[in-house]
Each structure stands twice: as structure tokens, then as C-alpha cells.
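Take a look at the letters that make up each chain.
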Amino acid sequence: MPPLLRHIIEYGLVILGSFFVALAFNIFLLPNNIASGGVAGISTITKGVFGWEPGIVQAVLNVPLFITGVIILGKNFGLKSFVGTMVLPLFVLLTSQLEPASENPLLGAIFGGMGVGLGLGIVFRGRASTGGIDLAAQVLHKFTHLPLGVSVALFDGMIVLTSALVFSVEEGLYALIGLFVTSRTIDFVQVGLNTSKNVMIITNDVDKVRSAILHEIDRGVTVLSGAGGYTEEERRIIMCVVQQNEFIKLTQTVKLIDPGAFVVAMNATEVLGEGFKTS
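Predicted model, so just to flag it, every value in this text is computed and none were measured. For every chain, the first residue of its written sequence is number 1, and the numbers climb from 1 along that sequence. In keeping with the predicted nature of the model, local features appear solely for residues at pLDDT of at least 70, side-chain atom pairs appear and are counted solely at 80 or more, and the whole-chain, interface and lining totals rest on all residues. Water and hydrogen atoms play no part in the side-chain values, which are based on all heavy atoms of the structure.

Draft legend 1. Structural context of the environment of Glu246. For the purposes of this entry, the term helix denotes a DSSP run of H or I that reaches at least four residues, the term strand denotes a run of E that reaches at least two, and both are numbered from the N terminus. Within the secondary structure, Glu246 is located in helix α10 (residues 244-257). With 207 residues separating them along the chain, Glu246 and Val39 place their C-alpha atoms 44 Å apart. In what follows, residue pairs with any heavy atoms lying within 4.5 Å of each other are defined as contacts. Among residues more than four places away in sequence, those in contact with Glu246 are Ile217 and Arg219.

Shown next, in the form of C-alpha cells:
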């Protein structure tokens, strides 16, 4: 793909994803006082306490966070991330007059979380971010050496706890549901349904099994060198990655050749290369 076209597509994904985040925020999360983490969660709380416009609050918080991240972390977060940082609050303002899609807090948490996750997943597909709490978490990670995931969880946890104190414990619990649904939806958008299997095969008929995988299943193999933990005998181990619908055929083929073969299968959620995704 030509670089110019790739950049256009990536910017389009950042803008589209930001729109979905803003839409889900205004029609599901905000009307139900669901502050499921992030700058959006902070703006939900300040809306409930002070009546401040969420879009303006998000812009006021996002820009300094982005600048701080650039200065302290010394990274080039890129123009696309800056676009996401600015476009998201704009879309929140533009969609602020829309009627709520649901005033049921459980539905708001579930579908709001899905909408935010969908939008963020699309933004990540565009190789960018929307700034916010993630940048603050990276700063905390730099100075405290806490794992980045823990840093993010701390900030989101404080926001959810604050929402429980400001609104109610029940709404805080709904916020946790929204946060969980968002994370699962991001994973789905990033990985999709095409989960593959990474299969390790220990067999006494390495050459026959290797040949069968190459010619009958039409998948590549890698032969690794290993040693038995008890016998300390040198062994050759076959590694093969197959699609989900090929896994049963693979195991049946191996068992026909060597009924005593030891087969270990692990999920492989991101496989790049010939026969799978190329980019």
C-alpha cells in the first residue's frame, strides 16, 4: 500500500474511532452517570457535581496531559495521536445534544462500554491514541517503575471509586462493568474472531508428521531442538500454526501416524505471515 494512502486511512480510522467513542459516551454513559475510567469518566463526574460541559473538560485535561507526556516521556507521540486528543472532545461537544439511547444503567454500561471499546479499537488500528489517562499512567510508570497495566488500573480505579462516592455505589459498580466491556471490546477489535492455534508436537515419527503437515494440511512447520527433562535424550519438536478449523484435522493426522504423540495447543491471537495476515 502506498505510504500516502496508508496515512490517509490511518487518519480516517482515528477520526472515525473518536466519533464512536464520543457517541457512546453521550448516548449511553453520560446519561446514566457511568464514569468508567479515563478522562471521559472524570468529565462525567464533573458534569454531575459542577455541571461542567464534558467536551470542554476533556479538552482542558487532554491537551496538558499530551504536552506533559511529550515533555516528560521524551517520546514522539505523533500527529495522529494529537489529532485524536483534539478531535474526541470536539465530537463530544457536537454530539452532546443527542437523546439518550437508554436510561437503563446496565444497558448503558454494556453498550456504552462496547461503543467506547469499538472506537478505541479503531483508533488503535490507526496506530494512534486519544491521549488522556493513558499518558498520565505512563508518567507514573516512569517515575515509580510500577507496571504500566497497574498504573492504568490505579487511575481508572480511582475514577470509578470517586464515581461511587459522588453518585452511588451501584453506579460505581456499573462503571466497573463498562470498563470491563470496553477492554474486552478493544481486544475483539484488535484480534477479531480469527484465533489460530500454535501447536507443539513431540513424536517419534518427526519426518512423517512433518511431511503430512506440509502436504496434507498445507501448513508450514518449524522443527526445534529439545531434550527430554527426565531422559535428557535429544528430541526434535515440531511447531506449527494452524487456523481453528484446521486444528482437528491436524490432531487426527498426527494421531494416525503416531498414536503416542504428545500434542500441546495454545491460542495464537495475532499471527502474521504467509497463509495468515500479511500486515
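Draft legend 2. Inspection of the pattern of salt bridges at higher detail. Should a side-chain nitrogen of Lys or Arg be within 4 Å of a carboxyl oxygen of Asp or Glu, the pair is scored as a salt bridge. Scanning the entire structure with this criterion turns up six salt bridges. Here Glu10 and Arg127 are joined by a salt bridge, their closest N and O atoms 3.4 Å apart. One end of the pair, Glu10, is in helix α1 (residues 3-29); the other, Arg127, is in the loop between α5 (105-125) and α6 (133-144), with 117 residues separating them in the sequence. Classification of residues uses two cut-offs on accessible area relative to the type maximum, computed with a 1.4 Å probe and protein chains only: under 20% is buried, over 50% is exposed, and between them is partly exposed. A relative accessible area of 6% means that Glu10 is categorised as buried. Asp187 is the partner of Arg184 in a salt bridge, and the nearest nitrogen-oxygen pair spans 3.0 Å. With Arg184 and Asp187 both in helix α8 (residues 169-191), this residue pair falls three residues apart, about one helical turn. Exposure remark for Arg184: the relative accessible area of 45% places this residue in the partly exposed category. Here the residues in one salt-bridge network are Arg6, Glu10, Lys80 and Arg127, joined through shared partners.

Draft legend 3. Local environment of α5. The span you would expect from a helix comes to 1.5 Å times its residue count less one. When the terminal C-alpha atoms of α5 are compared, their 29 Å separation across 21 residues agrees well with the 30 Å that a helix rising 1.5 Å per residue should span. Within the sequence span of α5, burial applies to Gly108, Ala109, Gly112, Gly113, Gly115, Val116, Gly117, Gly119, Leu120, Gly121, Ile122 and Val123. On its buried face, α5 is in contact with α1 and α8. Measuring from the side-chain oxygen of the N-cap residue of α5 to the backbone nitrogen of Leu106 gives 2.9 Å; that N-cap residue is Asn104. Looking one or two residues past α5, Arg127 carries a phi angle of roughly 60 degrees, positive in sign. Any pair of nitrogen or oxygen atoms within 3.5 Å is treated as a polar contact; in protein, a donor-acceptor pairing is required on top of that, and neighbouring residues in sequence qualify only through side-chain atoms on both sides.

Draft legend 4. Quick peek at the side chain of Thr185. For Thr185, the position within the fold is in helix α8. Other than its neighbours up to four places away in sequence, Thr185 contacts Gly113, Met114, Gly117 and Leu118.

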